[in-house]
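Chain by chain, the residues:
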Amino acid sequence: MRKGISQVTGALDVFDEPSADAAPVGAIGLIGNAVSSEVAEALRIDGLSTGVLPVLPALAELLPAGGLARGSVVVVDRPGLLCLALVAAASAAGAWCGVAGIPDLGVAAAAGLGAEPARLMLVAHPGPGWPQVVTSMLEACEVVVVRPPARPPAQIRRRLEGVLRRGGGVLVAAGEWEGAPVRLRVARRSWAGIGDGYGSLRACRAEVVAEGRGAVTRPRRRWMWLPAPDGTVIPDETGDAGRIDFPAGPAAAGAPTAAEASLRAAR
Amino acid sequence: MRAERTGKPARILAVWCPGWPEEDADGAEARAFGHVVTVVEDFCPEVEVLRPGMCVLGARGPARYFGGEDALARKIAEAVAAHGFDCHTGVADGQFAACLAARAGRLGRPVSPGDPGAPGAPGVVVPPGGTRQFLASYPVHVLAAPGLAGQLARLGIRTLGDFAALPARDVAGRFGAEGTAFQRVARGQEPRRLAAGPPRADLSTALEFDPPVHAEPAAFAAKGLAEQMLAGLAACGLSCVRVRVRVTGADGRESARLWRHDGLLSALAVAQRVRWQLDGWPPARAGGDDGPADEAAGGITLLRLVPDQLVPEEGRQLGLWGDDLISGRVERAAVRLQAMLGHESVAHPLLAGGRGPAEQVVLVPFGDMRDPRFPADRPWPARIPPPAPATVYPVPLTARVIDATGSPVAVTGRAVVSAPPDALMAGDSPWLAITAWAGPWPVTERWWDEQNATRRARFQLVTEDGSAWLAAIELGRWQIEARYD
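Residues numbered from 1 in each chain as written. Chains lettered and ligands numbered in written order. Predicted model: local features only at pLDDT ≥ 70, side-chain atom pairs only at ≥ 80, totals over all residues.

Draft legend 1. How the structure looks around the overall build of chain B. Scanning chain B from terminus to terminus reveals 13 helices and 17 strands. The 485 residues of chain B split such that 36% are buried. In chain B, the proportion of contacts linking residues at least 24 apart, taken out of those at least 6 apart, comes to 57%. (Helix = DSSP H or I, 4+ residues; strand = E, 2+ residues; numbered from the N terminus. Buried ≥ 20, exposed ≤ 12 C-beta atoms within 10 Å, placed from the backbone. Contact = placed C-beta atoms within 7 Å.)

Written out as structure tokens, the structure reads:
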């Protein structure tokens, strides 16, 4: 039985290799029916066999590859909405997403951005063995989000980067990761739909900045709705004008008007 | 119909603990009644629990052993009372009469016209053959059949004695099978047989190692142990959802993990999971100067396999290729991580229903059954409107919210804010000025449940740095439940 498993794993190694796009067809013929379900599962994932995992259109132009390049590290300043938005499109396209070290991850928010909760694997507290946890996750998941402990040692970084290059996964580090090609952060944001004692949070206009090495030496800045009133992420073309009237939409559903009324009466 | 076959009605002893709640949400009361059942089981292993607070057993055998029905009833009542439960017992022909006899013991109801009846007596024993007479004075409404009792009352038949006196043929003709069954009850016969299951067998298997062994021989022995366990389960027609593997070391350390089984794993596959678990078994501590002491310290003395969540075996079709769990690369990785960190540490989230953000996600350990207690697709009035927050604190951050004068913001019982909030201190961060806010949104949940009742008012706050927070005030204390950005 163990031999069977090693064959399967071997076949998937071939399959996960970004350069070996043509290999799976041959691989099916070679290893026969024993792994047909796994290969079928892998083939079902559309748009993930290329070298770049998809991201939401609003974020695509901030990333040098137009998406999450397989085998690379992307850094986000903190594990917030931007971090979830970064992996949402890949998850929606069928990728598994592992999350390590973020016990306070808002799964409902990830689902609201389009990610599929059924394809999330969460390890809230990986402990001191977090590099091993991330390595194990990368064997199963196309994207792994990790909040590394303060300043991961260079040796561990290099080892994980090696795993990424061999396996073709993407690591999203929410925190510090020296030498990463891209760093994303939210520079400014303003919330819409909420006032001085009335309304509710409905949308946020945010300026996302991408910095890094190589193709992104000059910081790129984009304004976007993160999230828009309908829960998606859309680019905001109005630019830097600082305008905060947000796209037309129905009045906030479920806003507790009774409480507002009582409050106004109290004033 | 044991009673009819032998010609004699079955003698039943009922044990009743007054004031036990009939139903509760999580079965805690039912489990607490298990203590009473355990005490009663010392007298007779076959005990049938009718509902929390009431159980019955066949009295004939134990009565012979304990010196008569009176003595048995008294001893059981005393034994249960010794564990701190108010308890009454009753013996009669048939379960229905026995339950009434147990209640009669408390109410001091006379057993027979000549007997005065003692209030608060621990037990009432209706003599064999006297059950019909004992029941005769009860109104027909004690039969748990409102429709039938109503009809009988309208016909002028008000007591069980009147009902029992009707010709059986006429009762069958007028009221059908249901009427016949209830008439048999009124006559002190049994409508159905006592259905006591045998006591639950211990289906776990264990193996002791003397002298202590290392991980490899233990994993090897696990295969035989797993075969034993699976054979024991199969003999009972059962299957298990998970297997708990418990390893005890020579130095007292213990490692227990739950592994998904689903009736799918062969003995070899269970042994493999034991091997994975033992991979995480800490090696002998490098304590002393040399070998022998440490050899024993790192050794394993006891390996136990316990089937968890027993379900009836339904004869699942195994995959055509190999008899291992049909698994993808994700499941293999999850199992490996679980071997490293523990079963509960690798979660597979599931959206659920709820008003607060923390209730809307359930973290199910990988491989466990995925059905939320509260499904997500139900309406949840007063739910926080979307978008969902990106950060949901498992333990809310303590916070302080002040108004422009610097005094804490409060909310009255009628959901009126004392003053507009002006600044927020979340956790250990510095004070931030509040630029926009909304609320209060009062929520009163599960007021019927002391443990889980909440009464709080929620606010959304936006601070000067652009962050948006979901705050709540409960009993005058502010906390941050979630953060939106």
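Draft legend 2. Quick peek at the overall build of chain A. Across its full length, chain A holds nine helices and 11 strands. Looking at chain A residue by residue over its 267 residues, the buried ones come to 45%. Put simply, of all contacts in chain A between residues at least 6 apart along the chain, 64% involve residues at least 24 apart.

Draft legend 3. Highlighting helix H11 (residues 267-279) of chain B. Its 13 residues place the ends of H11 of chain B 18 Å apart at the C-alpha level, agreeing with the 18 Å of an ideal helix rising 1.5 Å per residue. Turning to H11 of chain B, its buried residues are Val 270, Ala 271, Gln 272, Arg 273, Val 274, Gln 277 and Leu 278 of chain B. (Expected span 1.5 Å × (residues − 1).)

Draft legend 4. The sheet that holds strand S4 (residues 88-93) of chain B, seen in detail. Residues and elements named next belong to chain B. In space, the five strands of this open sheet follow the order S2-S3-S1-S4-S5, with mixed pairing throughout. Among the strands making up the open sheet, the edge pair consists of strand S2 (47-51) and strand S5 (123-125). Adjacent strand axes in the sheet meet at a mean angle of 20°, parallel and antiparallel pairs treated alike. (Pairing = 2+ DSSP bridges. Axes fitted to C-alpha atoms, helices over the stretch in contact; angles between N-to-C directions.)

Draft legend 5. Region of the structure containing the environment of Ala 65 of chain A. Within the fold, Ala 65 of chain A resides in the loop between helix H4 (57-60) and strand S2 (68-69). Considering only alpha carbons, one finds Ala 65 of chain A and Val 52 of chain A, 13 residues apart in sequence, at a separation of 7.1 Å.

Draft legend 6. Spatial organisation of the confidence of the model for chain B. Residues and elements named next belong to chain B. The pLDDT averaged across chain B works out to 79; a share of 81% of its residues lies at or above 70. Ranking the elements of chain B by mean pLDDT puts helix H1 (residues 2-6) last with 41 and strand S17 (residues 477-483) first with 94. Under a pLDDT of 50 for its full length, residues 316-327 has, in the predicted model, 16 contacts with residues more than four places off or in other chains. Reported confidences for the modelled complex are a pTM of 0.55 and an ipTM of 0.74. (pLDDT = per-residue confidence, 0-100.)

Draft legend 7. Representation of the interface of chain B and chain A in the model. Contact with chain B, which involves 55 residues of that partner, is made by 58 residues of chain A. Of all the elements in the fold, those that place two or more residues in the side of chain B that touches chain A are helix H13 (329-341), strand S10 (346-351), strand S11 (361-365), strand S12 (391-403), strand S14 (432-445) and strand S15 (454-463) of chain B. Residue contributions to the side of chain B that touches chain A peak at eight residues, all from H13 of chain B. In terms of residue class, the side of chain B that touches chain A is built from 40 nonpolar, nine polar and six charged. Sheet analysis places strand S5 (residues 120-123) of chain A next to S10 of chain B, joined by two bridges and oriented antiparallel. Its bridge partner lying in S10 of chain B, Leu 122 of chain A is registered against Ala 347 of chain B. (Nonpolar A, V, L, I, M, F, W, Y, C, P; charged D, E, K, R; others polar.)

Draft legend 8. Helix H8 (residues 154-167) of chain A, seen in detail. Residue and element names in this part refer to chain A. Compared with an ideal rise of 1.5 Å per residue, which puts 14 residues at 20 Å, H8 spans 20 Å between its outermost C-alpha atoms and is within 8% of the ideal. Of all the positions in H8, only Arg 157, Leu 160, Leu 164 and Gly 167 are classed as buried. Axial view of H8: buried residues confined to an arc of 105°, hence all on one face. Of the residues in H8, the exposed ones pointing more than 90 degrees away from the buried face are Ala 154, Gln 155, Arg 158 and Gly 162. Gly 168, located one to two residues past H8, shows a positive phi value of around 80°. (Arc of directions from axis to C-beta.)

Draft legend 9. Quick peek at the sheet that holds S12 of chain B. Residue and element names in this part refer to chain B. One closed barrel holds the six strands; their spatial order is S12-S13-S14-S15-S16-S17, and the pairing between them is antiparallel. Put simply, the sheet's adjacent strands are angled 40° from each other on average, direction ignored. Where S12 meets S17, five bridges bridge the pair, whose relative direction is antiparallel. Note on S17: the bridge partner recorded for Thr 398 is Gln 479.

Draft legend 10. View of the confidence of the model for chain A. Residues and elements named next belong to chain A. Overall, the predicted model of chain A reaches an average pLDDT of 76, with 69% of residues at or above 70. Considering only residues more than four positions removed or in separate chains, one finds that residues 1-47, a stretch of pLDDT under 50, has 45 contacts. Predicted confidence is poor over residues 241-267, with pLDDT under 50, and the contacts of this stretch with residues over four places away or in other chains come to 38 contacts.

Draft legend 11. Looking closely at the packing of helix H7 (residues 130-140) of chain A against H13 of chain B. Viewed as axis vectors pointing N to C, H7 of chain A and H13 of chain B meet at an angle of 165°, and their least axial separation amounts to 8 Å. On the basis of the axis angle, H7 of chain A is roughly antiparallel to H13 of chain B. In this structure, H7 of chain A meets H13 of chain B at a crossing whose hand is right-handed. Of the residues in H13 of chain B, those touching H7 of chain A at Gln 132, Val 133, Ser 136, Met 137, Glu 139 and Ala 140 of chain A are Arg 329, Val 330, Ala 333, Arg 336, Leu 337 and Met 340 of chain B. Looking at the contact of H7 of chain A with H13 of chain B residue by residue, the class counts come to seven nonpolar, two polar and three charged. (Parallel < 35°, antiparallel > 145°, perpendicular 65-115°, else oblique. Left-handed = near helix turned anticlockwise from the far one by under 90°.)

Draft legend 12. Structural detail: unusual backbone geometry. Going from Leu 226 of chain A to Pro 227 of chain A, the amide bond is cis rather than trans, its omega being 0°. Mapped onto the elements, Pro 227 of chain A comes out in the loop between strand S10 (220-225) and strand S11 (234-235). Backbone torsion omega between Gly 439 of chain B and Pro 440 of chain B reads -5°, so that peptide bond is classified as cis. You can see Pro 440 of chain B is positioned in strand S14. Despite not being glycine, Ala 415 of chain B shows a phi value in the positive range, around 60°. Locating Ala 415 of chain B in the fold gives a position in the loop between S12 and strand S13 (421-426). For Arg 446 of chain B, which is not glycine, the phi torsion reads 50° and is therefore positive.

Draft legend 13. Here's a closer look at the pairing of S14 of chain B. Residue and element names in this part refer to chain B. For S13 and S14, the ladder comprises two bridges, and the chain directions are antiparallel. Looking across to S14, one finds that Leu 424 is bridged to Leu 432. Following S13, the chain reverses through five residues before pairing antiparallel with S14; Gly 427 in that reversal takes a positive phi of roughly 60°. Across nine bridges, S14 lies against S15 in antiparallel orientation. Considered in S15, the bridge of Trp 441 is made with Arg 458.

Draft legend 14. Fine view of the nonpolar core. In this structure, Val 74, Leu 84, Ala 85, Val 143, Val 145 and Val 172 of chain A are the most contacted members of the largest nonpolar core, which totals 120 residues. Take this core: its biggest share by element is 10 residues, from helix H5 (residues 81-92) of chain A. Excluding residues within four positions of it along the chain, Val 74 of chain A makes contact with Leu 68, Leu 86, Val 170, Val 172, Ala 180, Val 182 and Leu 184 of chain A. One finds Val 15, Val 36, Ala 92 and Val 126 of chain B within the second-largest nonpolar core, a separate group that totals 52 residues. (Core = buried A, V, L, I, M, F, W, Y, C linked by C-beta atoms within 7 Å.)

Draft legend 15. Region of the structure containing the pairing of strand S8 (residues 182-194) of chain A. Residues and elements named next belong to chain A. In this sheet, S8 lies alongside strand S3 (residues 73-76) in parallel orientation, the contact comprising three bridges. Residue pairing for S8: Val 75 is matched across the bridge by Arg 183. Pairing geometry for S8 and strand S9 (residues 199-212), over 11 bridges, is antiparallel. Across the sheet, Val 182 pairs through a bridge with Gly 212, a residue of S9.

Draft legend 16. How the structure looks around the environment of Glu 46 of chain B. Structurally, the position occupied by Glu 46 of chain B is in the loop between helix H2 (28-41) and S2. In sequence terms Glu 46 of chain B and Leu 57 of chain B are 11 residues apart; their C-alpha atoms lie 6.4 Å from each other.

Draft legend 17. Examining the packing of H7 of chain A against H8 of chain A more closely. Residues and elements named next belong to chain A. Close contact between H7 and H8 brings their axes to 10 Å; oriented N to C, the two are set at 5°. Between H7 and H8, the angle falls in the class roughly parallel. Contacts from Pro 131, Val 134, Thr 135, Leu 138 and Glu 139 in H7 reach Ile 156, Arg 159, Leu 160, Val 163, Leu 164 and Gly 167 in H8. Each residue belonging to the contact of H7 with H8 can be placed in one class, and the counts come to seven nonpolar, two polar and two charged.

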